[in-house]
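Here is how the chains run, residue by residue.
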Amino acid sequence: MIRSELITKVSEENPHLFQRDVEKIVNTIFDEIVEAMARGDRVELRGFGAFSVKKRDARVGRNPRTGTSVEVDEKHVPFFKTGKLLRDRLNEGNN
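These figures come from a predicted structure and were not determined experimentally.

Draft legend 1. Fine view of helix α2 (residues 19-38). Spanning 20 residues, α2 covers 28 Å between terminal C-alpha atoms, matching the ideal 28 Å at 1.5 Å per step. Among the residues of α2, Val22, Val26, Ile33, Ala36 and Met37 are the ones counted as buried. An end-on view of α2 places all buried positions within 110 degrees of arc, on one side of the element. In this structure, α2 carries Arg20, Lys24, Val34 and Ala38 as exposed residues pointing more than 90 degrees from its buried face. Check the buried side of α2 and you find it contacts α1 (3-13), β1 (43-45), β2 (49-56) and β5 (75-82).

What follows is the structure, given as structure tokens:
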């Protein structure tokens, strides 16, 4: 599902809201998650999961094409850990 599909789905389930208002709401939610993560904060949506930022240390990597060693700088990467309700829902049919 992409952002526009999410906006359409929320609009369909809430006919009393204009689609442009739903779009503002969805964009605001995503923007706030990004801003919080940029500050280094953790964003937890109970039952869904938690977004956080992990630091990857600098290391020596390898160029897969040539095999030569390459210095890889330290970087921060987004990390998502699923919540229990989401995990349980995804695995309902596997028990």
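Draft legend 2. Seen up close, the layout of surface pockets. Looking at the largest pocket, its volume works out to about 260 Å³. Forming the boundary of the largest pocket are Leu6, Val26, Ile29, Phe30, Ile33, Val34, Leu45, Phe48 and Phe51. The element best represented in the lining of the largest pocket is α2, accounting for five residues. Taken together, the residues of the lining of the largest pocket break down into nine nonpolar, no polar and no charged.

Draft legend 3. Molecular detail of the pattern of salt bridges. In this structure the tally under the stated criterion is seven salt bridges. For glutamate 44, the salt bridge goes to arginine 42, with nearest N and O atoms at 2.9 Å. By relative accessible area, which is 39% here, glutamate 44 ends up partly exposed. Given the relative accessible area of 53%, arginine 42 is considered exposed. Among the salt bridges present, the one from lysine 84 reaches aspartate 88, with a minimum N-O distance of 2.8 Å. Of this pair, lysine 84 and aspartate 88 both sit in helix α3 (residues 84-90), four residues apart, which is roughly one turn of the helix. Each of the salt bridges in this network shares a partner with another, and the network as a whole consists of Arg42, Glu44 and Arg46.

Draft legend 4. Inspection of the environment of leucine 6 at higher detail. In this structure, leucine 6 sits in helix α1. Leucine 6 sits in the partly exposed class, given a relative accessible area of 27%. Apart from residues no more than four positions distant in its own chain, leucine 6 is found in contact with Met1, Val26 and Phe30.

Cut-off values and rules
Residues numbered from 1 in each chain as written. Predicted model: local features only at pLDDT ≥ 70, side-chain atom pairs only at ≥ 80, totals over all residues. Heavy atoms only, no water. Helix = DSSP H or I, 4+ residues; strand = E, 2+ residues; numbered from the N terminus. Expected span 1.5 Å × (residues − 1). Buried < 20%, exposed > 50% of the residue type's maximum accessible area, 1.4 Å probe, protein only. Arc of directions from axis to C-beta. Contact = heavy atoms within 4.5 Å. 1 Å grid on protein atoms, 1.4 Å probe; cavity = no way out; pocket = protein on both sides within 12 Å on 5 of 7 lines; lining within 4 Å. Points joined across faces, edges and corners; volume = space filled by probe spheres on them. Nonpolar A, V, L, I, M, F, W, Y, C, P; charged D, E, K, R; others polar. Salt bridge = Lys/Arg side-chain N within 4 Å of Asp/Glu carboxyl O.

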